[in-house]
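Each chain, written out:
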2 protein chains.
Amino acid sequence: MQRKSFAEMECPIARSIEQVGDGWTLLILRNAFLGARRFADFESRLGIPPTTLARRLERLVSIGLFTRHRYEARPPREEYELTDKGLALLPLILTLAAWGNRWLMPDNVAIECMDPKTKRALDPVLVDRSTRRELLPGEVALRAGPCASPALREGLRRGIVLGAGAPAAEAR
Amino acid sequence: MQRKSFAEMECPIARSIEQVGDGWTLLILRNAFLGARRFADFESRLGIPPTTLARRLERLVSIGLFTRHRYEARPPREEYELTDKGLALLPLILTLAAWGNRWLMPDNVAIECMDPKTKRALDPVLVDRSTRRELLPGEVALRAGPCASPALREGLRRGIVLGAGAPAAEAR
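Residues numbered from 1 in each chain as written. Chains lettered and ligands numbered in written order. Predicted model: local features only at pLDDT ≥ 70, side-chain atom pairs only at ≥ 80, totals over all residues. Heavy atoms only, no water.

(A) Summary view of the overall build of chain A. Secondary structure assignment for chain A yields eight helices and seven strands. Compactness check: chain A gives a C-alpha radius of gyration of 20 Å against a globular reference of 16 Å for 172 residues, more than 25% above the reference. In chain A, once contacts between residues fewer than 6 apart in sequence are set aside, the share between residues at least 24 apart is 36%. When the accessible surface of chain A is summed, it comes to about 8100 Å², and 51% of that surface belongs to carbon and sulfur atoms. Side chains of chain A give 27 positive and 21 negative charges; the mean places of these two sets differ by 3 Å. (Helix = DSSP H or I, 4+ residues; strand = E, 2+ residues; numbered from the N terminus. Rg over C-alpha atoms; globule rule 2.2 N^0.38 Å. Contact = heavy atoms within 4.5 Å. Areas by Shrake-Rupley, 256 points an atom, 1.4 Å probe, with all protein chains shown as cover. Lys, Arg positive; Asp, Glu negative; His and termini not counted. Charge placed at Lys NZ, Arg CZ, Asp CG, Glu CD.)

What follows is the structure in structure tokens.
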């Protein structure tokens, strides 16, 4: 993928997509959250071609989502472990799970979330940290942050409401 | 991508990844949330090759994330609008934004979320709907849902704690 503009480089969504916006990468991350650590774990669970898996793991280590450490000297074998940066993707994985259950298999739920201590079902919802109010389309806007370039600042001057229905200024 | 197992087909995360786990698709969805509606809007903002864009839009309509409607008869021109199923991906987009700001550009935040009415900053966090407690690694488990196959039910019998640190049963 090419990048269109400097504004694109400033966008945290685009930056995140560049690191994790890939099907195999997301499935590898999912399996790491499920407990997979070794090459063979990922390979057998995902049915991913080994060269594809090796490339993805290499990249996930290089961008700091996994650490790699050797667990066997001969033959050399390594384990992959989620870093804090990788573990911070749990909300992404849970959001995919919740959306899938709600929109792709509403009458056919096969896997659900629960609290491991109380065994109570958990229903993931995205809220604002301080008010705990759900973040809904039409009720969240974007604005320039402290490090926005002048061009981006101008583009966001009036704010952009996400999923507002009417075409926003940015897109005209 | 191939699918490995029937269990894989039951996984809501894998199902979601199959629909939206692609870089261009995610960028197109982001721009739709920002207000883009027309082919030219997406094309100019993203610098995406037109054939790639056409293919992605076609697929997004076919899986029900966009509706398409004609806004000009001659020449025929169409607009794309997020459906409720598409709008339900707002948490995914906001989660990517929050992770990007926190982990990819912590000292360089260019875009942030705010409440369009109060202008107060918003900080997206994933919580359980009923308790409003943040969902953290090691504190969320997966279990079989009502429609799990016997094989999946057996695999999930002891539950899998996400990001628990120690390799979970599933991955051994």
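(B) Broad picture of the relation of the copies chain B and chain A. The transform that puts chain B on chain A rotates by 180° and translates by 0.0 Å along the axis, for an RMSD of 0.0 Å. The transformation just described matches what one would write down for a two-fold rotation axis. Mapped onto chain A, 100% of the interface residues of chain B are again interface residues, and the two copies thus contact each other with one and the same surface. (Least-squares fit on C-alpha atoms with pLDDT ≥ 70 in both.)

(C) Molecular detail of the side chain of Asp-115 of chain A. Within the element layout of this structure, Asp-115 of chain A appears in the loop between strand S3 (111–114) and strand S4 (121–122). Here Asp-115 of chain A occupies a buried position and makes no salt bridge, while the nearest side chain of opposite charge, Arg-133 of chain B, is found at 4.4 Å. Within the structure, Asp-115 of chain A has its side chain in polar contact with the backbone nitrogen of Thr-118 of chain A (distance 3.3 Å). Not counting chain neighbours up to four residues away, the residues in contact with Asp-115 of chain A comprise Arg-120 and Leu-122 of chain A together with Arg-133 and Glu-139 of chain B. (Buried < 20%, exposed > 50% of the residue type's maximum accessible area, 1.4 Å probe, protein only. Salt bridge = Lys/Arg side-chain N within 4 Å of Asp/Glu carboxyl O. Polar contact = N/O pair within 3.5 Å; in protein donor to acceptor, adjacent residues only side chain to side chain.)

(D) Structural view of the packing of helix H7 (residues 90–104) of chain A against helix H2 (residues 12–20) of chain B. For the pair H7 of chain A and H2 of chain B, interaxial distance at closest approach is 7 Å and the crossing angle is 90°. The angle between H7 of chain A and H2 of chain B falls in the class roughly perpendicular. Side by side, H7 of chain A and H2 of chain B meet where Ile-93, Leu-96, Ala-97, Trp-99, Gly-100, Asn-101 and Leu-104 of chain A of the first sit next to Pro-12, Ile-13, Arg-15, Ser-16, Ile-17, Gln-19 and Val-20 of chain B of the second. Split by residue class, the contact of H7 of chain A with H2 of chain B holds nine nonpolar, four polar and one charged. (Axes fitted to C-alpha atoms, helices over the stretch in contact; angles between N-to-C directions. Parallel < 35°, antiparallel > 145°, perpendicular 65-115°, else oblique. Nonpolar A, V, L, I, M, F, W, Y, C, P; charged D, E, K, R; others polar.)

(E) Summary view of the packing of aromatic side chains. All names here are of chain A. Per the stated rule, a full pass over the model turns up four aromatic pairs over all chains. Centroid distance Phe-42 to Phe-66: 6.2 Å. Interplanar angle 45°. Geometry classified as tilted. Here Phe-66 lies in strand S1 (residues 66–72) and Phe-42 lies in helix H4 (residues 39–46), a separation of 24 residues in the sequence. The class of Phe-42 is buried, set by a relative accessible area of 0%. Owing to a relative accessible area of 1%, Phe-66 belongs among the buried residues under this scheme. Ring geometry for Phe-66 and Tyr-80: centres 6.3 Å apart, planes at 55°, overall tilted. (Phe/Tyr/Trp six-rings, centres within 6.5 Å; stacked < 30°, edge-to-face > 60°.)

(F) Highlighting helix H2 (residues 12–20) of chain A. Counting buried positions along H2 of chain A gives seven out of nine residues, so the element sits mostly inside the fold. Those residues of H2 of chain A that sit buried are Pro-12, Ile-13, Ala-14, Ser-16, Ile-17, Gln-19 and Val-20 of chain A.

(G) Layout of the interface of chain B and chain A. With 106 residues of chain B in contact, the opposing surface of chain A contributes 106 residues. Across the chain B to chain A interface the summed buried area is about 10100 Å²; carbon plus sulfur atoms make up 64%. The largest contributions to the chain B side of the interface with chain A come from Leu-34, Trp-99 and Arg-143 of chain B, which together make up 8% of the buried area. For the interface between chain B and chain A, the tally reads eight salt bridges. For Glu-112 of chain A, the salt bridge identified is with Arg-143 of chain B, shortest N-O distance 3.1 Å. (Buried area = accessible area lost by both parts, 1.4 Å probe.)

(H) Region of the structure containing the sheet that holds strand S4 (residues 121–122) of chain B. The four strands lie next to each other as S7(A)-S6(A)-S3(B)-S4(B), forming an open sheet whose pairing is antiparallel. The sheet is open, and its two edges are formed by strand S7 (160–161) of chain A together with S4 of chain B, each paired on a single side. Direction of pairing for strand S6 (residues 141–144) of chain A relative to S7 of chain A: antiparallel, over a ladder of two bridges. Looking across to S7 of chain A, one finds that Leu-142 of chain A is bridged to Ile-160 of chain A. (Pairing = 2+ DSSP bridges.)

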